[in-house]
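Topology and contacts: notes
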Amino acid sequence: MEKLTAQEEQAMQSIWSLNGGFIKEILDNVKGEKMPYTTLASTVKNLERKDFVKAVRYANAKRYEPMVSEQDYKAKFMNSFVGDYFKNSYKEMVSFFVKEEKLTEGELKEIMDMIKNNKS
């Protein structure tokens, strides 16, 4: 699975949240700064070429549906991210966010509760 560009990820976020859509629907659902219609259409074509979406023809229009789940994409690239930047250690990653004050004590407690609940 290929890593997506920021623009492709933005388009995929919209496609995942809609569970597919026509370019206009995808554009209307994009979070953050809106890109021009033609730019989004080109980006979605790239996603189709990379096998992230498939085009389903409806009359003379195409609806783009996800072929890769958001969960699968996150799992693949979070593992790679942790490996590349934190020596394959999730502990190192959490420690980094705590030191950078990006993770509060309350959030850390929530994580600990999730770990405890998963073990039982």
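Residues numbered from 1 in each chain as written. Predicted model: local features only at pLDDT ≥ 70, side-chain atom pairs only at ≥ 80, totals over all residues. Heavy atoms only, no water.

Named according to an unreviewed UniProt entry, the chain is Putative transcriptional regulator originating from Sphingobacterium detergens.

Here we look at the pattern of salt bridges
Once the charged atoms of two side chains with opposite charge are near each other, the side chains can pair. Counted under the stated rule, the structure contains eight salt bridges. Residues Glu9 and Lys3 are paired through a salt bridge, measuring 2.6 Å at the closest nitrogen-oxygen approach. Classification of Glu9 as partly exposed rests on a relative accessible area of 25%. Linked by salt bridges that have partners in common, Glu2, Glu8 and Lys50 make up one network. (Salt bridge = Lys/Arg side-chain N within 4 Å of Asp/Glu carboxyl O. Buried < 20%, exposed > 50% of the residue type's maximum accessible area, 1.4 Å probe, protein only.)

Thoughts on the packing of aromatic side chains
Taken as a whole and assessed by the stated rule, the structure comprises nine aromatic pairs. Each ring, one from Trp16 and one from Tyr73, has its centre 5.8 Å from the other, and the planes form 45°; the classification is tilted. In this pair, Trp16 is assigned in helix H1 (residues 6-18) and Tyr73 in helix H4 (residues 70-85), connecting sequence segments 57 residues apart. Exposure class is identical for Trp16 and Tyr73. Each is buried. Each ring, one from Phe86 and one from Phe97, has its centre 6.5 Å from the other, and the planes form 45°; the classification is tilted. Of this pair, Phe86 sits in the loop between H4 and helix H5 (90-99) while Phe97 is found in helix H5, placing the two residues eleven residues apart along the sequence. Taken together, Phe81, Tyr85, Phe86, Phe96 and Phe97 form an aromatic cluster joined through their ring pairs. The residue whose ring lies beneath Lys3 is Phe77, and the NZ or CZ to ring-centre distance is 5.5 Å. (Phe/Tyr/Trp six-rings, centres within 6.5 Å; stacked < 30°, edge-to-face > 60°. Helix = DSSP H or I, 4+ residues; strand = E, 2+ residues; numbered from the N terminus. Lys NZ or Arg CZ within 6 Å of the ring centre and 35° of its normal.)

Digging into the domain arrangement of the chain
Taken domain by domain, the chain comprises domain 1 (6-66) and domain 2 (89-118). Between the C-alpha centres of domain 1 and domain 2 there is a distance of 34 Å. (Domains from an automatic or database assignment.)

Brief notes about the nonpolar core
What tends to happen in soluble globular proteins is that the nonpolar side chains get buried as a cluster. In terms of nonpolar packing, the biggest core is built from 18 residues, with Met12, Leu40 and Leu47 touching the most fellow members. Of all the secondary-structure elements, those providing two or more residues to this core are H1, helix H2 (23-29), helix H3 (37-49) and H4. Not counting chain neighbours up to four residues away, the residues in contact with Met12 comprise Leu4, Leu47, Phe52, Val53, Pro66 and Val68. (Core = buried A, V, L, I, M, F, W, Y, C linked by side-chain atoms within 4.5 Å. Contact = heavy atoms within 4.5 Å.)

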